[in-house]
Amino acid sequence: MQKVTVNSLKLLGLIAILIVVAVGCGGGGTSGEVDLSDANISVGSKEFTEQLILGQMSILVLENAGATVKDRTSLAGSVATRKALTSGQIDMYWDYTGTGWIVYLGHTKPVEGSQEQYEAVAKEDLKKNGIEWLPPAPANNTYAIAVRSEAADKLGVTKLSDLKPLFQEQPEVATLCAASEFLSRDDGLPGLEKAYGFEFENISELAEGPIYQATDQGDRCTFGEVFATDGRIAQLDLKVLEDDKSFFPIYNPSLLVDKKLMDQYPQIEKIFAPINKKLTTEELQKLNEKVDVQGQLEDQVAEEWLKENGFI
């Protein structure tokens with residue numbers, strides 16, 4: 001039997017203490033390498049599934065870095081959420097480069113190219129409003145028009161430019177289910193109809209969630225406004241029509257942070273950089289599907305994904 005010396009016991013005791021200290025100092029992943037223990041941060045989000053997941057991710061990684069975080073997610077729409085940031089009610093939230101350029105900064109045409117669009121909106125918003133746009137995720141959560149696959153085959157439509165001649169021949173199918181925000185935004189229906197020269201004859205205004213099922217059923221509307229990263233598109237076998245005139249801007253998700261907070265805690269960018277890189281269109285579709293199709297809670301989906309990828 002091997003002899004256990006006093007020095008060996010002391011060494012084992014020291015190792016045990018170091019393990020306890022390491023665990024007590026906060027979790028793993030990139031956020032565990034950054035100390036935000038003196039930070040108080042308010043995190044917001046819009047009210048739809050993807051935004052809620054991203055908001056919960058932000059809360060979890062910031063808490064993992066030691067920050068005290070206030071959950072102000074699920075705000076009502078883009079304008080209200082943006083106002084919450086500019087007025088100081090929240091310190092950060094996720095938004096989309098195309099939305100920033102068209103809706104918040106008031107431009108009428110998107111910038112071509114994903115990186116170019118990001119750089120343009122980030123530069124102007126920082127200068128005018130003191131808002132930092134962190135490097136964006138590769139996902140493109142663009143608006144899109146979808147139709148159930150059977151109807152697409154029957155009507156012979158594959159792209160948005162097919163709708164003008166279709167509506168001229170069959171005006172009864174010119175029906176749309178869409179959310180109020182899409183119906184009023186310049187990068188939504190008004191601009192879309194102008195760009196392609198068609199007009200929907202009958203519009204049903206719905207909340208974002210029910211649009212997918214209504215489009216699949218085809219009773220209230222032949223076409224529906226959808227988000228490209230929504231998991232219900234594949235689950236319901238909806239067909240997304242090609243935006244062949246490239247009307248819709250690129251909508252890369254980016255974390256918007258008040259410049260005053262970034263100046264105080266520049267390491268926030270280090271925490272989120274590896275997370276952003278992982279958020280592809282396909283990845284967000286899977287995450288959204290877990291909530292919208294499988295019925296999981298947004299915070300559970302966010303925590304599971306962060307742990308699986310080693311971020312917390």
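All residue numbers refer to positions counted from 1 along the written sequence of the respective chain. Local features in this predicted model are restricted to residues of pLDDT 70 or higher, and side-chain atom pairs are both shown and tallied only at a pLDDT of 80 or more, whereas totals for entire chains, interfaces and linings draw on every residue. Heavy atoms from the whole structure form the basis of all side-chain values; hydrogens and water molecules are not counted.

As a further point, take the state of the cysteines. To count as a disulfide, a pair of cysteine sulfur atoms needs to be within 2.5 Å. The final tally for this structure, using the stated rule, is 1 disulfide. A disulfide bridge connects Cys177 with Cys221, and the sulfur atoms are separated by 2.1 Å. Handedness of the Cys177-Cys221 disulfide follows from its S-S torsion of about -100°: it is left-handed. With Cys177 in strand β6 (residues 175–178) and Cys221 in the loop between α11 (208–217) and β8 (223–227), the pair connects residues that are 44 residues apart, well separated along the chain. Each member of the pair, Cys177 together with Cys221, is buried. Each helix is a run of H or I in the DSSP string that is no shorter than four residues. Each strand is a run of E no shorter than two, and both are numbered from the N terminus. Accessibility here uses a 1.4 Å probe with only protein chains present; expressed as a share of the type maximum, an area under 20% marks a residue as buried, one over 50% as exposed, and anything in between as partly exposed.

Here 5 strands make up an open sheet; going across it, the order is β7-β6-β8-β5-β9 and the pairing mixed. Both edges of this open sheet fall to β7 (202–205) and β9 (238–240), since each of them pairs with a single strand only. In this sheet, neighbouring strand axes are inclined to one another by 35° on average, regardless of whether the strands run parallel or antiparallel. Here the rule is simple: two strands pair whenever DSSP picks up at least two bridges between them. Note: β6 against β7, 4 bridges, orientation parallel. Directly across from Ala178, in β7, lies its bridge partner Glu205. Contacts between residues were defined by any pair of non-hydrogen atoms, one from each residue, lying within 4.5 Å. Comment: axis = line fitted to C-alpha atoms, over the contacting stretch for helices; angle = value between 0 and 180 degrees taken between N-to-C directions. Across the sheet, α11 touches β5 (143–148), β6, β8 and β9, and the angle it forms with β8 is around 135°.

Residue position: Ser204 is located in strand β7. Setting aside residues no more than four positions away along its own chain, Ser204 makes contact with Leu176, Cys177, Ala178 and Arg220.

With 74 residues, the main nonpolar core has Leu36, Leu163, Leu192, Phe223, Ile268, Phe272 and Leu279 as its most contacted residues. Of the residues forming this core, the biggest block, 7 residues, is contributed by helix α3 (residues 49–64). Beyond its immediate chain neighbours, meaning those up to four positions away, Phe272 contacts Ser58, Val61, Leu62, Trp94, Leu134 and Leu255. Core analysis: the second largest hydrophobic core is formed by 15 residues, Ala84, Leu85, Trp101 and Ala122 among them. Residues grouped as a nonpolar core are buried Ala, Val, Leu, Ile, Met, Phe, Trp, Tyr and Cys residues, joined through side-chain atoms within 4.5 Å.

Quick look at α11 now. Those residues of α11 lying buried are Glu208, Ile211, Tyr212, Ala214 and Thr215. Those residues of α11 hidden inside the fold are in contact with β5, β6, β8, α12 (232–235) and β9. Within two residues after α11, Gly218 carries a phi angle of roughly 75°, on the positive side.

Each residue gets a pLDDT score, which is the predictor's confidence in that residue and runs from 0 to 100. In the predicted model, the chain carries a mean pLDDT of 91, and 90% of its residues have values of at least 70. Confidence drops under pLDDT 50 across residues 1–6; counting only partners more than four residues distant or on other chains, this segment forms 1 contact. Per-residue pLDDT stays below 50 along residues 8–26; that stretch engages in 2 contacts with residues further than four places along the chain or on separate chains.

The subject of this paragraph is the environment of Ile271. Mapped onto the elements, Ile271 comes out in helix α14 (residues 268–278). Linking Ile271 and Val61, residues 210 residues apart in sequence, is a C-alpha distance of 7.5 Å.

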